[in-house]
Structure formats: C-alpha cells, structure tokens
Amino acid sequence: MVALSAHQLTKHFGTTLAVDAVDFTIPDGALATFLGPSGCGKTTTLRMVAGLERPSQGRITLGEEVVFDAAQGIAVPAEHRQIGMVFQSYAIWPHMTVAGNVAFPLGIRRLPRDEIDRRVRDVLALVQLDHLAERYPAQLSGGQQQRVALARAIVFQPRILLLDEPLSNLDAKLREEMRGEIRELQQRLGMTTLFVTHDQAEALAMSDLVAVMNAGKIVQVGPPRAIYERPVSRFVAEFVGWTNFLPVTLVDRTTARLGDRLMQVAADNLAPGAAATLTIRPEDVVVEAAGAGGPNLLPGKVRTSMFMGTHTIVELDAAGHELVAHAPAQTTANRGDDVGVRLPVERMLVLSP
Amino acid sequence: MVAVGVLVAFLALYPIAWLLVGSFRTGTPFETGEFTWGNYVDAYSEQGIFRTIRNTFVFAAGQTAGAVLLGTILAWIITRTNTPGRAVFEFLTLVLFLFPLIMAVFAWTMLLSPRRGLINIVLMAVFGLEEPPFDVASMGGMIFVQSLYVTPLAFLIIAPAFATMDSSMEEAARMTGARTLRILGRITLPLAIPAIASASVLLFVIGLESFDIPQMLGAPKGIYTYPSLIYHAIGVRYPADYGLGTALAMSLLLATLALVYLYRRLTRRSERFETVKGKGHRAAVVDLGPWRWVTATGCAVFFFFTVFLPFGVLVLGSFLGFFGRFTWAMFDRLTTANYPRLIAHPRLIDAVFNSLGLAVIGGAVCVLLAAVVGFVAIKSRLPGRGLVEAFAMLPISFPATVLGLALLWAWIVVPLPIYGTVLILAVAYITRYLPVALRTVSGGLIQMSNEFEEAARMTGAGWGRTFWRIILPLMRPALAAAWLLMFMTFVRELGMSILLVGRGNAVLSVVMFDYYTSGEQGLLAAASVLLMLMILTVVIIARQVFKIRFSQFGSA
C-alpha cells in the first residue's frame, strides 16, 4: 500500500526553481530519505508534503486522500493533514514543560484529561523521557530535546512522520546513537517516515529507500545498497560515499582504453567510441605486490599510506592517475614503494563522463 | 581610557551628588545652607502630595498598559503578517516616534478639548449629545495621548522578539493541528512575553519620568505628577522652593533606579529562555487571509488619528490667527501671517540656531563618546571596562526633570561661566542620552567580528589607530543611526531644557512651550509645522544616505 505519493511536484521561489516536477511514492511503513546537498530542494519538498509550503504545481496524495492538487485547487492546510514533524531546530516550546509540549497535540484533539495523561506517559516512556516530564526545555540536553520533539510528533498517531535534518544539531557520537534509536522506533511503530538529510552515512544507515536529489530533481531512487553500489551518475557516485574516477574511451562493450592501456569493463549502457568515466570505490581497489600478472592490473607507486585502525588508506599514482585504496589494516606500504593496483571488473562501473 | 572613565563617571555622578547635597540642606544654590532633614519632611507633608503620588503611578501604569497593548498588536501585524502596506505602517511608526509631544498635545487639545475640540463637536452633532464626551485635560486624556505617542517605544522592544522568533515553533504547533488563533495565543504571544515584560518595565519608567504631557495637560488643571511638581517647585513658584524640588527629585530618582535595575535583571533573564536556534532566518509571515484587510484598516485608522489628523490640524492652525472653536467659518479667516511673524521673532531665530547646533554638534559629540565607551566596554580587555559602561549607562534612570535640577544646582555653585549658556544644555543632553546612544552603537559593535581589529593589531596598529581607522569606519551605519536618534531627541528635549534655559540660551522646545502657555496658537502651530518638516527632511535624507533602519534604534 502506498502511504504517500507526489506527482509532478514543483516549487518556484520568485524566478528560481527550487523543486522541479518531482515524482515519488513511499510504501506504507517505509523510511524514505531525501538525500542531497544544501539547496537541492529536499527540505522544500518535505515542507510541501507538510503543508507549510504551497507547491507551484503538482499533486500530493496521503494514503487515499489528495491533500494538494494545483489543478483541482485542493490544498488541505497543514493543521488538518495529521502529519507529525520533527524540525531541525526541534522547535520545542520553551514556555511549556516536556509533558506540556507532548500534551499539546492531544489537547487540540479534545481528548479527556486522563486519556491525555496516559498517552503522554506512554510516549515519554517510549522515548525514555518519563523521568523528565516536568522539566522545561532549557534544562534539557540536545539529545533530550530531540526526543521531546519526536514524542510530540508521534503522540497523536499521525498518518506519516516527517524528519527535517533532525540529527544535524547533535554531536557526532550522539548522532550515531539517535540514528539507531529513531530507526528502531520507526520500525517498531511501523510508521511511514520521510527523512531529509545531507549526510550520506545517515541516509544509508537508516533508510529503506533513498532518493538522491540535486538541483531540484530526484536523480536516483533505490534501496541504500543499490544507490551505493550502482550509482547512475558521477554526481550520485561522488555524493554518496567517496569514489575514484578514471577517464576512458570505450572500445566496445567489454573493453575501454585508459591512456595507452586496455581495461576489461562491463559497459552495456554506452555506445562504443564514446568517452566515459570508470568509477571504483576505494574499498574495491586491490593493492598487490609489484610484478603480479592478470587483467586490469596497473603499475602503481605509493604516495602516502595512512593506518586508520580498521583499514589502511593508500594514496597511489597508478599509471599516471591518482587512486585511493582502502586496503586491509595489515597492509604495509611506504611512500615510494612500487605496487600493483588491481581494478576488478565486477566492481567497476562505467558512467557518462 | 582612564580619561574616558573619569569623564563618564563625572557626567553621571557630579550633578547627582549636588542634588543629594541640595536635598539635605537649607536654602537655594545661590546661598550657603545648613544640613537638614526638613526638605523631605516638608515635601511629604505638602498639601496634595499623596494625590501626586497616586497620579504619578496611575499615569505611568495607564500609559504603560495602553502603549504595550498597542505596541504588541502593531509589532505583530507589521513583523509577522501579510497585512498590505506593512512597510508604510512601519515608516509611520517611525514618524509617530518622531512626533514631538508638544505638537501632539497641542493638536489633541484642538481635537479633544471640551468646548472647541473637533472630535467632541463632531460626536455631539452626530449623536445629539448635550455634553462634550471627552476632556483631554484630565487623567484619562493624559494617559490617552501619552499612550499613542510612546507606542513606538514598546514597538521597538517587542517587534524584534516577533521578527526573530523561530517560526518552526509555530509550524510545529500547526503540524499538531493547531489553528492560527490558538497558535497566536498559546505559542507566539507566550514566546514574546519576555520582550513584553521588558517593554512594560521600561514604559513604566518612562511614564514616571514624563514631563511634557503631565505639565501641559495636567498641571493647568492641578493634576500633578512628580516631574511636573518638581518643575512647579523650581520654575513656577516664587520664590523657587528648592527644598521641595530636590526632595521630590531624589525620591523619583530612587524609584527609577530601582525599576531600571529590575529591567536589566529581566532582560538578562530572557536570554535563558532561548533554546536551540535553527538557521538564522527571519520568522515566516502568517497568512491572515481576508482578515489582512481588517488589520490593514485598523493600522490605517490608528495612524490617521495619531499622525495625519493631528498634523492636519496643526497645518490648519498655522494658517489661523486663533484656532478657537472649529467651524466652517474659520476657513474664511485663513491667513499666512503666522509664518512671517514667526520668522520675525528674534527669540525664535536664536532658539532654532541653538537647537540645531546642539542637535548636530552635541549629537555628534555624544555619539563619539558612546563609540569610545562602547569600544572600551565591548572590544577591549581593559580592567574596569565594566565600570566605565556602568557609569555611562547610569543616567538612563535619571528623569529629565531630576537631571535638569541636579545640573542647575551643580553648575550654579561652580564659578565657571557654564550656567545659563548653551554649554550646560550640551552637558545635560549628552549626559542624559549617552546611554541611548551607547545602546545603539553597541548593537553594531557586538555584531562586528573581533578579528577585524585583531588583524589591525597584528599589522602593528596601536589601539588608538585601530579605533580611528578600523572600528569607527566599520561602525558607520550604527554611528549614523545613533546620531540621527540623538538629533531627534535633542531637538525635542523639554524636561531638562525648561529648567536650564535662561535669557541667553533659548531652544526651540522651550520657545514652543512658552507659546503654548501664553496661548500663541498661531505661532505654535506654524513652529510645529516647520519643526516637523525639519525632522522629516533629516530623517528621509539620513535613511537615503546611511540606509538607516528604524529597528537600529531598538534597545539592546
């Protein structure tokens, strides 16, 4: 079942096109992420779903209900959409206690007092804040404020949950903790969630579905693994994780020319004779002893080698090209060493230049 | 640095020290006196003194309530809604801010006095009333007129709270299902409470200190407040009752000192109210739908009654020899005679020159001093910088009448030719308004990165050169705004001037006050029109040249 879908969703701010005819559908219970650099239109898209920003064009459907349709003049106001939202700044009301913040949505729905108390208690227990119910927000840490925001957003059992860069105000360690907690909570409640972030690690770790956005368009949609392993463009490859690029010319569907060398590739998507870019993740580059034989082996020289604990980062000069390899931790390589650099054909992608 | 510290301490403490001495001794400043408690005893056994105390508090509280209510509504409409014409209304708030009180009083007398007031006449005709419904020369009238014209001060403090509010606070409420009115009541207003509380305390102090309206509307009817009774004791009674004046001034000073201390505590506490801030964006505008025409009409009516109608009445009055009762026949008596008469008035010409000189040069000196003090207090790491700032800020709690009396005493007893000259007015204005200039200048200084001056220091510039070549030029917008504010304030100052002006140092506000008391309506109206045109010209030029925004006048 589809929980949320958008059709040709467009937003102009004056003459600038912030969101350009975007289509997406999110299945019930999934956590979908809009990932992209700042200014790519991801937050605007989220705010249009929320009802806080009015789309210039397009249609938004929430479950069975059309909440916005420019053509039919339908625009359900934000307060009637039954959507929970966590803001980047959390927007915890500083003049109300934690319990007051969480009870607010229930008061609007005119629930009886004891019902409100019970649900506030339950949801605060869910986010492990039951002991802080009577505190004021100014007395809470960033992580605790984040939980209050989350509790307030889910307490009225919204149809979907929107998260606008909710982790960006937390320090690195807390961010990783909250990442896991939010994902666990979302799966436990089966809450359809739309998440916006510029942090690719967050997107990969938490999502069922990632939509990479750039310049107002969705450039690729898929499960995190597919986005990481099979990016469709240089932009996606580069934005989602670090990667190496090599400029080549295609000879045929299985061969490409890199300088004066021929490389085995799998290029079904581009015509022979075309210029192309080979991309390979650092962890897929294999550093071997010099002089080994076999396909796709480039002679290399070590520039720097950095031991990272879990692995060793080796920066190489491979046949005149800069390459970065994440070699196993036990690899010992010193500046100036001659090595062999193997680029396994099944780990390489051929992209448009 | 030491010199600056000594100077600001001297400016603030020297006159007050003499006031204190004066309140505990017999006789006038011209004679030697002996220690006594008698001044306080006499002052508080003065007939009607308890009525004066009550009047002072009722007036201060009433105008606070009125101005804070109007200022809050106006601030919300202008900063947070899509009401059409917001930019115009914001400019009109500035005009209202600049509207000299003496002109406001005069105009409202012509509108609301029982027999002659235009509004009374219209209401009596429309509703067939026997008696005029309003009398401006009453406590209600005083509160009404004062409220309208101090509303911009409340606006200045409250508007930034609305404008910089994190709108995701309200969006979060919308997402939980709350509608506009509930969001306004439960989220927006509570978030502005700290600013509204500060505005209330500050406005209350301003009400206690106010001289112009209690003097012009209340005193002739025997409704005194502390400042007008102080003036009555020194400037009206013959011989002047210095004992009463100084004892009342010291009492009033203690009250304002306590309240300003409370204000500082309140504003400091409001910082604790802040939680995590999002991106530093301006608060989003609330779409009022069709209600935006209601708010626009409300604003238009407000400014019609506070700016356009009073100014129109003044223009009309300036073309009449005597305003009298409003009738259609008065349009047959129109004359341009007032303007030549005004210009032929030698005391007025002197006063205009004195006022302009004080406003332009005195204003510049005040701003420069504020810049040095601000630099020392905010940018330097010098020991004692906090004390320098404290002394510079102290006079913010000196009521004009109190400081006027203190300076009068302080400079009479010194054998220097300062009393009775323009110089004593310059000292008075600079002392009293240095805190206001400092606040405006500090806003610019706090925003300026320390690295600019640190870079200058690293190139080998000493702090004097750093101040002149780096800090002052970078502060130009804040300095221009502060100077403009000083210009406007100095040109209109009455509470101190009226006690310090003698034969040789007349200023415009005092001359206009004299026209008011002696019933020279035509001259007063003509002078008002000229003054208003002068003020507006300077404001519009300054806005164009220096790109000054009204919000820069806001308090820190």
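Every chain is numbered on its own, with residues counted from 1 as its sequence reads. Lettering of chains starts at A and numbering of ligands starts at 1, both following the order in which they are written. Given that the model is predicted, a residue must reach a pLDDT of at least 70 before its local features are reported, and side-chain atom pairs must reach 80 or more before they are shown or counted; all residues, however, enter totals for whole chains, interfaces and linings. Processing note: side-chain calculations cover all non-hydrogen atoms of the structure and skip hydrogens and water entirely.

### Points about the pairing of strand E15 (residues 275-280) of chain A
Residue and element names in this part refer to chain A. What counts here: Using a 1.4 Å probe on the protein chains alone, a residue whose accessible area is under 20% of its type maximum counts as buried, one over 50% counts as exposed, and one in between counts as partly exposed. Only DSSP runs of H or I covering at least 4 residues are called helices, and only runs of E covering at least 2 are called strands; the numbering of each starts at the N terminus. Here, any two strands with at least 2 DSSP bridges between them count as paired.
The buried fraction of E15 amounts to five of the six residues, a majority that puts the element mostly inside the structure. Two elements, strand E12 (residues 244-252) and E15, share six bridges in a ladder whose sense is antiparallel. When the bridges of E15 are listed, Phe 245 appears paired with Thr 279. Of the pairings in the sheet, the one linking E15 to strand E21 (residues 349-351) comprises three bridges and is antiparallel in character. Residue pairing in the sheet places Leu 278 in a bridge with Val 350 of E21.

### Some thoughts on the packing of helix H16 (residues 385-393) of chain B against helix H18 (residues 422-447) of chain B
All names here are of chain B. The condition that has to hold: The angle between two axes is taken between their N-to-C directions and runs from 0 to 180 degrees, where each axis is a line fitted to C-alpha atoms and a helix contributes only its stretch in contact. Each angle is binned into one of four classes, with values under 35 degrees roughly parallel, values over 145 roughly antiparallel, values of 65 to 115 roughly perpendicular, and all other values oblique. Should any heavy atoms of two residues lie within 4.5 Å, those residues are considered in contact. Under the scheme applied here, ten amino acids are nonpolar (Ala, Val, Leu, Ile, Met, Phe, Trp, Tyr, Cys and Pro), four are charged (Asp, Glu, Lys and Arg), and all others, including Gly, are polar.
Contact pair H16 / H18: the axes reach a minimum separation of 7 Å and the direction vectors enclose 125°. Comparing their axes, H18 and H16 come out oblique. Residue-level contacts link Glu 389, Ala 392 and Met 393 of H16 to Leu 434, Pro 435, Leu 438 and Arg 439 of H18. Of the residues assigned to the contact of H16 with H18, the class counts are five nonpolar, no polar and two charged.

### Considering the interface of chain A and chain B
It is common to report an interface's size as the accessible area lost on association of the parts. We count it as follows: By convention, the term buried area covers the 1.4 Å-probe accessible surface removed from two parts as they join, with the contributions of both added. Throughout this description, the term salt bridge denotes a Lys or Arg side-chain nitrogen within 4 Å of a carboxyl oxygen of Asp or Glu. Under the rule applied, a polar contact is a pair of N or O atoms within 3.5 Å (in protein, one hydrogen donor and one hydrogen acceptor; residues adjacent in sequence only if both atoms are side-chain atoms).
Between chain A and chain B, the residue contacts involve 32 residues of the former and 24 residues of the latter. Carbon and sulfur atoms make up 63% of the area that chain A and chain B hide from each other, which totals about 2500 Å². Together, Glu 79, Pro 94 and His 95 of chain A form the three largest contributors to the area buried by chain A at its contact with chain B, with a combined 23%. Linking chain A with chain B are two salt bridges, by the criterion used here. A salt bridge links Glu 79 of chain A to Arg 174 of chain B; the nearest nitrogen and oxygen atoms lie 3.0 Å apart. Taken together, the links from chain A to chain B amount to seven residue pairs in polar contact (both at pLDDT 80 or more). Secondary structure elements with two or more residues in the side of chain A that touches chain B: helix H1 (42-50), strand E7 (83-86), helix H2 (98-108) and helix H4 (142-154) of chain A. Per element, the largest residue contribution to the side of chain A that touches chain B is four residues, and it comes from H2 of chain A.

### Thoughts on a nonpolar patch on the surface
To keep it simple, the criterion reads: A patch is a set of surface residues, each over 30% in relative accessible area and not in a salt bridge, joined within 9 Å for like charges and within 5 Å for the nonpolar side chains Val, Leu, Ile, Met, Phe, Trp and Tyr. For every accessible area listed, the method is Shrake-Rupley and the probe measures 1.4 Å; residues are considered covered only by the protein chains on display.
Taken together, Val 122, Val 126, Phe 127 and Leu 129 of chain B make up a surface patch of nonpolar side chains, about 390 Å² in accessible area. Within the secondary structure, Phe 127 of chain B is located in helix H6 (residues 118-127).

### Topic: the sheet that holds strand E13 (residues 255-258) of chain A
Residue and element names in this part refer to chain A. Read across the sheet, five strands follow the order E14-E13-E12-E15-E21 without closing on themselves; strand pairing throughout is antiparallel. Each having just a single partner strand, strand E14 (261-264) and E21 make up the two edges of the open sheet. Between one strand axis and the next, the sheet turns through 45° on average, direction left out of account. When E13 meets E14, the two strands line up antiparallel, connected through four bridges. In the sheet register, Ala 256 faces E14, and the bridge partner there is Met 263.

### Some remarks on the side chain of Gln 63 of chain B
Residue and element names in this part refer to chain B. Structurally, the position occupied by Gln 63 is in helix H3 (residues 49-80). A relative accessible area of 0% places Gln 63 in the buried class. The contacts of Gln 63, once residues within four sequence positions are left out, are Ile 143, Gln 146, Ser 147, Val 150, Leu 203, Phe 204, Ile 206 and Gly 207.

### Let's talk about the domain arrangement of chain B
Residue and element names in this part refer to chain B. Rule in force here: Segment limits for the domains were obtained from an automatic or database-derived domain assignment.
Considered domain by domain, chain B is made up of domain 1 (1-22 + 339-556) and domain 2 (46-335). Each partner contributes to the interface: domain 1 provides 47 residues, whereas domain 2 provides 51 residues. Summing both partners gives a buried area of about 4300 Å² for domain 1 against domain 2, and 78% of it is carried by carbon and sulfur. One can count one salt bridge joining domain 1 with domain 2.

### Focus: the pattern of salt bridges
A full pass over the atoms with the stated rule returns 26 salt bridges over all chains. Arg 47 of chain A is the salt-bridge partner of Glu 53 of chain A, the closest N and O atoms lying 3.1 Å from each other. Residue Arg 47 of chain A is classed as buried on the basis of its relative accessible area of 17%. A salt bridge links Glu 520 of chain B to Arg 341 of chain B, with the shortest nitrogen-to-oxygen separation between them at 2.9 Å. You can see Glu 520 of chain B sitting in the loop between helix H23 (508-517) and helix H24 (521-546) and its partner Arg 341 of chain B sitting in helix H14 (residues 338-343), a full 179 residues away along the chain. With relative accessibility at 29%, the residue Glu 520 of chain B sits in the partly exposed group. Bridged by salt links that share partners, the residues Glu 115, Arg 118, Arg 119 and Asp 122 of chain A form one connected network.

### Structural notes on helix H11 (residues 226-236) of chain B
The element H11 of chain B is extensively covered by neighbouring structure, given that nine of its 11 residues are classed as buried. Those residues of H11 of chain B that fall on the buried side of the exposure criterion are Tyr 226, Pro 227, Ser 228, Leu 229, Ile 230, Tyr 231, His 232, Ala 233 and Ile 234 of chain B.

### Side note on the side chain of Gln 215 of chain B
All names here are of chain B. As for its placement among the helices and strands, Gln 215 is situated in helix H10 (residues 212-218). Judged by its relative accessible area of 10%, Gln 215 falls in the buried class. Ignoring any residue separated from it by four or fewer positions in sequence, one finds Gln 215 in contact with Pro 220, Ser 228, Tyr 231 and Phe 513.

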